[in-house]
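Residue-level listing of the chains:
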Amino acid sequence: MIQVIVKKQKDNIIGFHIEGHSGYAEYGSDIICSAVSALALNCVNSIEEFTEDSFSVKSDENRGLIDLDLTTVSSEQTQLLLKSMFLGIRGIEKSYGSQYVTIINR
């Protein structure tokens, strides 16, 4: 299962931790893993490209890990990008089930 942890401080998202593999299909053919990865990587790339916000990111393909921590107070643009990513992941969770991907707010 892919576990998506939303890191929050008050009402602001300050990062996320995504880890695991969905087990929906064989490695390389898993549309759920691909979709979650694409949403997360696009979010990271968009924050870097379209905002001035600073962050640190760690990844490990074998573990299915993408971990992002904002290192400055984030802009409205970054908050919107993060909310958009989580909206997409919630859609995947709703369509395919929480046995494959689940979101946890912290």
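Bear in mind the structure is a predicted one, so any value in this text is a computation, not a measurement. (Residues numbered from 1 in each chain as written. Predicted model: local features only at pLDDT ≥ 70, side-chain atom pairs only at ≥ 80, totals over all residues. Heavy atoms only, no water.)

Caption draft 1: Structural view of the packing of aromatic side chains. Evaluation of the coordinates by the stated rule reveals 3 aromatic pairs. Measuring from centroid to centroid gives 6.2 Å for Phe-16 and Phe-86, while their planes differ by 90 degrees, and the two rings are edge-to-face. A residue pair is termed long-range when its members are at least 10 positions apart, and Phe-16 in strand β2 (residues 12-19) and Phe-86 in helix α2 (residues 76-96) qualify at 70 residues. Residue classification places Phe-86 among the buried positions, given a relative accessible area of 3%. When the centroid spacing of 5.3 Å and the interplanar angle of 80 degrees are considered together, the rings of Tyr-24 and Tyr-96 count as edge-to-face. (Phe/Tyr/Trp six-rings, centres within 6.5 Å; stacked < 30°, edge-to-face > 60°. Helix = DSSP H or I, 4+ residues; strand = E, 2+ residues; numbered from the N terminus. Buried < 20%, exposed > 50% of the residue type's maximum accessible area, 1.4 Å probe, protein only.)

Caption draft 2: Main features of helix α1 (residues 31-50). Taking 1.5 Å per residue as the helical rise, α1 with its 20 residues ought to reach 28 Å, and the 27 Å between its terminal C-alpha atoms agrees with that figure. Where α1 is concerned, the buried positions are Ile-32, Cys-33, Val-36, Ala-40, Cys-43, Val-44, Ser-46 and Ile-47. Check the buried side of α1 and you find it contacts β1 (2-9), β2, β3 (55-60), β4 (65-70), α2 and β5 (101-105). The N-capping residue of α1, defined by a side-chain oxygen 3.0 Å from the backbone nitrogen of Ile-32, is Asp-30. (Expected span 1.5 Å × (residues − 1). Contact = heavy atoms within 4.5 Å. Polar contact = N/O pair within 3.5 Å; in protein donor to acceptor, adjacent residues only side chain to side chain.)

Caption draft 3: Local environment of the pattern of salt bridges. Within this structure, the stated rule accounts for 3 salt bridges. For Asp-67, the salt bridge identified is with Lys-7, shortest N-O distance 3.2 Å. Placement of Asp-67 in strand β4 and of Lys-7 in strand β1 is noted, with a sequence separation of 60 residues between them. The buried category is assigned to Asp-67, whose relative accessible area is 7%. Glu-19 is paired through a salt bridge with Arg-63; the nearest N and O atoms lie 2.9 Å apart. In this pair, Glu-19 sits in strand β2 while Arg-63 sits in the loop between β3 and β4, placing the two residues 44 residues apart along the sequence. In this structure, a network of salt bridges that share partners links the residues Lys-7, Asp-67 and Asp-69. (Salt bridge = Lys/Arg side-chain N within 4 Å of Asp/Glu carboxyl O.)

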